[in-house]
Amino acid sequence: MAALLVVLPLLAVVFLNLPHVRLGNRLALLFAALFCAAEGVAALAAPEGFWNRAASLADIGLTLDLTRLLGTTFLVDALARVMFLSIAVVGLCAALVARYAYVDEEQEFRFANLLLLVTAGMNGVVLVHDLFALYVFLEITAVASLVLIVIERGKSAFEGAFKYMVMGAVATSLLLTALALLFIGAGGTSFEEVAAGLRASGTSKLELVALAMFLVGLAIKAGLVPFHGWLPDAYSAAPAPVSVLLAGIVTKTTGVYTLIRLVDAVFGYGEPIRRALLVVGAVSVVIGAVSALAQRDLKRMLAYSSISQVGYIVLGLAAGPGLGLAGAVFHLFNHSVFKTLLFVNSAAVERQAGTRDMDELGGISSRMPVTGTTSVIALLSTAGIPPFSGFWSKLLIIIALWQAGHPGFAALGVAASVLTLAYFLSMQRRVFFGKLAERCSRLEEADAWGLAPALALAAVTVALGVAAPWLFQTFLLPVRSIL
Amino acid sequence: MTYATEVLIGLLVLVALWTVQTTILRAAIGLAATSVVLSLVIFHMGAPLAAVFELSVCAGLITVVFVSTISMTRPPTEAETKKEKTILARRFHPAIIVSALAGVALWASGYVLEVAAPAGPPASVRDVLWNVRRLDLLGQIIIVFVGVFGVVILFKEQRGQKEVGR
């Protein structure tokens, strides 16, 4: 069944584009939304053994064993399920935002197709346990994302896409070279073979070079400092639904999840790797937060905030397996939720007010009360204020850092939370609070398509915060033990 | 490594150098020439299938795509070409010198790469593609699909804009 997460979206795109079967444009978007919803339900509720079962229609005696057809088995553990859930939630919200933001139905059709393809790519990244297959699915996601960024064309879109493409190509070259070097040492590319090869050789100099190249490649994909140059341009140049998708899940899956999976299952928590992760994570947390303070463009500010929050996830990973890893995965999911919420709100502000320049906005909470309120929830969660979900994940990361013997980095995490609160309160004051700006005097609240994802994500943020102890027992401890 | 391979690698470096120092159209042709020489190196080192892939995909298909794309752009003015050459020289020369020195140092040190023997007998290409790496084949199909879809979107849009322009 797990293979369906890759095969179904592909078949759907083929079907949607058959010359004589052309469905209505909005039906395509509905299909993409339904696929994401089904994936989310499966990630939450599917029983053990469901994922490796052959897809069968018992009533008509038809059994389709995709596992045998593709010649591989997929291991779906708790971490993979968390990722499927994140992909589903963000994909569904992006589809709803597309329905809200696009006036042109043709654009909706194109977006729906690319959403399905990028979802197939991300699901593949989560499913595979082979370095070369991982590289292939990373490329699928990258190419589909590139097309998504330029879907509306325009100078800034091409500029953002160009930077994304160049940095992506550098990352790809590094990953592929590292993969070749690791293959030379291990004689295979599966996670088990490479991990065994690294253990057997005691990590030779050549393999250290390969690991460094792999980590840099993934850091580029995750937008970590100092490889973050492409990220603010790509996020701000992309159309609103694409920004939701990129910021909410694409960089999380291609960069952050991959980093977590590979460090945990292949590279191990050796001292050089932990030290590198600590430094890159801490620098990203601080530089991202300081840069966010200086922005005027709402989406650029959110992009720099993403860099800072991804830094927290990397710090959690650097704290090691156990609490650190659990905190990193929890913050990854939380960040997907509240960053998607913030980008959904920025889409609403941009569509209704016609600008993202925070200095031209002001006091719009009185005109857009739902957007203003959900924005407050998201910012408090991002800053790690209790009882919202972001508080618990940051707390786990900080405790894990302390326990791992890094009190300095733990203190830095706390201090950076204050910075986070500062730039978000500044944003909230300039955009939503204060005196109503003249150009916003006739502003109206977003319609139901724009508000539905914002309300749902705000509810998830609150619910995750309130139910954190339950979540920790049922989802996060299994992540720790399985990995 | 035989003398013939060393000569071919030297030629590869020279062609690659020419590629990064010239105008965009010549760079595309230079890239194709680099791929042709690389194919010869790979063929000479005993991997004919990889050489055929390099020749057909990199020297063939990619060159066609690049040249078609360049043909749609405005040719640069003389001043732009001159400026671009200066920037390229400034950007690439240190990298080329460092790479060349590193290559010579590695060669002089007599470093031998230890390659792990693959488990079991060597498999045929057919076996590898259809039995061992079937998932990657699916992935490659999706990549091609995404690429074609992207090109269709961009070109369809351009045609639509031209029609509106008329």
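What you see is a predicted model; the values in this text were computed from it and never measured.

1. Observations regarding the overall build of chain A
Here is step 1: For chain A, the count of helices and strands is 19 helices and two strands.
Here is step 2: Projected onto its principal axes, the C-alpha positions of chain A cover 70 × 60 × 45 Å.
Here is step 3: Among the 483 residues that make up chain A, the fraction classed as buried is 59%.
Here is step 4: Sequence-distant contacts, at least 24 apart, represent 79% of the contacts inside chain A between residues at least 6 apart.

2. Observations regarding the packing of helix H12 (residues 271–293) of chain A against helix H13 (residues 298–318) of chain A
Residues and elements named next belong to chain A.
Here is step 1: At a minimum axis distance of 7 Å, the contact between H12 and H13 shows a crossing angle of 155°. Classified by the angle their axes make, H12 and H13 are roughly antiparallel. Where H12 crosses over H13, the handedness of that crossing is left-handed. Touching Arg274, Leu277, Leu278, Val280, Gly281, Ala282, Ser284, Val285, Gly288, Ala289, Ser291 and Ala292 of H12 are Met301, Tyr304, Ser305, Ile307, Ser308, Val310, Gly311, Tyr312, Val314, Leu315, Leu317 and Ala318, all from H13.
Here is step 2: Tallied by class, residues from the contact of H12 with H13 come to 16 nonpolar, seven polar and one charged.

3. Some points on the packing of helix H4 (residues 78–101) of chain A against helix H11 (residues 240–267) of chain A
Residue and element names in this part refer to chain A.
Here is step 1: Relative orientation of the contacting elements H4 and H11 amounts to 165°, with a least axis distance of 7 Å. Relative to H11, the element H4 lies roughly antiparallel. Seen along the crossing, H4 lies across H11 with a hand that is left-handed. Contacts from Met83, Ser86, Ile87, Val90, Cys93, Ala94, Val97, Ala98 and Ala101 in H4 reach Ala240, Pro241, Val244, Leu245, Gly248, Ile249, Lys252, Thr253 and Tyr257 in H11.
Here is step 2: In terms of residue class, the contact of H4 with H11 is made up of 14 nonpolar, three polar and one charged.

4. What about H12 of chain A?
Because each turn of an α-helix spans 3.6 residues, side chains separated by three or four positions in sequence point in the same direction.
Here is step 1: The terminal C-alpha atoms of H12 of chain A, which comprises 23 residues, lie 33 Å apart, in line with the 33 Å expected from a rise of 1.5 Å per residue.
Here is step 2: For H12 of chain A, the set of buried residues is Ile273, Leu277, Leu278, Val280, Gly281, Ala282, Ser284, Val285, Gly288, Ala289, Ser291 and Ala292 of chain A.

5. Considering helix H16 (residues 389–403) of chain A
All names here are of chain A.
Here is step 1: With 15 residues, H16 should reach 21 Å at 1.5 Å per residue; the first-to-last C-alpha distance of 22 Å fits that figure.
Here is step 2: Along H16, the residues classified as buried are Ser389, Gly390, Trp392, Ser393, Lys394, Leu396, Ile397, Ile398, Ala400 and Leu401.
Here is step 3: Just past H16, the residue Gly405 takes up positive phi, approximately 85°.

6. Quick word on the environment of Ile42 of chain B
Here is step 1: You can see Ile42 of chain B is positioned in helix H2 (residues 24–44).
Here is step 2: Discounting chain neighbours no more than four positions away, the residues touching Ile42 of chain B are Ala47, Ala50, Ala51 and Glu54 of chain B.

7. Considerations on unusual backbone geometry
Trans is the common state for peptide bonds, and a negative phi is the common state for residues other than glycine.
Residue and element names in this part refer to chain A.
Here is step 1: With omega at 10°, the peptide bond leading from Val225 into Pro226 counts as cis.
Here is step 2: For Pro226, the location among the structural elements is in the loop between helix H9 (205–222) and helix H10 (230–237).
Here is step 3: Note the cis peptide between Pro386 and Pro387, where omega equals 10°.

8. Some details on the nonpolar core
Here is step 1: Membership of the largest hydrophobic core comes to 200 residues, with the highest contact counts inside it found for Ala32, Val97, Ile149, Val244, Leu245 and Leu315 of chain A.
Here is step 2: The biggest single contributor to this core is H4 of chain A, with 19 residues.
Here is step 3: Setting aside chain neighbours within four positions, we find Val97 of chain A in contact with Ala240, Pro241, Val244, Val344, Ala347, Gly450 and Pro453 of chain A.
Here is step 4: Within the second largest apolar cluster, five residues are counted, among which are Ala28, Ala32, Ala33 and Leu38 of chain B.

9. Quick word on the confidence of the model for chain A
Here is step 1: For chain A, the average pLDDT comes to 87, and 92% of its residues sit at 70 or higher.
Here is step 2: Between the elements of chain A, mean pLDDT differs from a low of 54, seen in strand S1 (residues 55–57) of chain A, to a high of 95, seen in H13 of chain A.

What counts and what doesn't
- Residues numbered from 1 in each chain as written.
- Chains lettered and ligands numbered in written order.
- Predicted model: local features only at pLDDT ≥ 70, side-chain atom pairs only at ≥ 80, totals over all residues.
- Helix = DSSP H or I, 4+ residues; strand = E, 2+ residues; numbered from the N terminus.
- Buried ≥ 20, exposed ≤ 12 C-beta atoms within 10 Å, placed from the backbone.
- Contact = placed C-beta atoms within 7 Å.
- Axes fitted to C-alpha atoms, helices over the stretch in contact; angles between N-to-C directions.
- Parallel < 35°, antiparallel > 145°, perpendicular 65-115°, else oblique.
- Left-handed = near helix turned anticlockwise from the far one by under 90°.
- Nonpolar A, V, L, I, M, F, W, Y, C, P; charged D, E, K, R; others polar.
- Expected span 1.5 Å × (residues − 1).
- Core = buried A, V, L, I, M, F, W, Y, C linked by C-beta atoms within 7 Å.
- pLDDT = per-residue confidence, 0-100.

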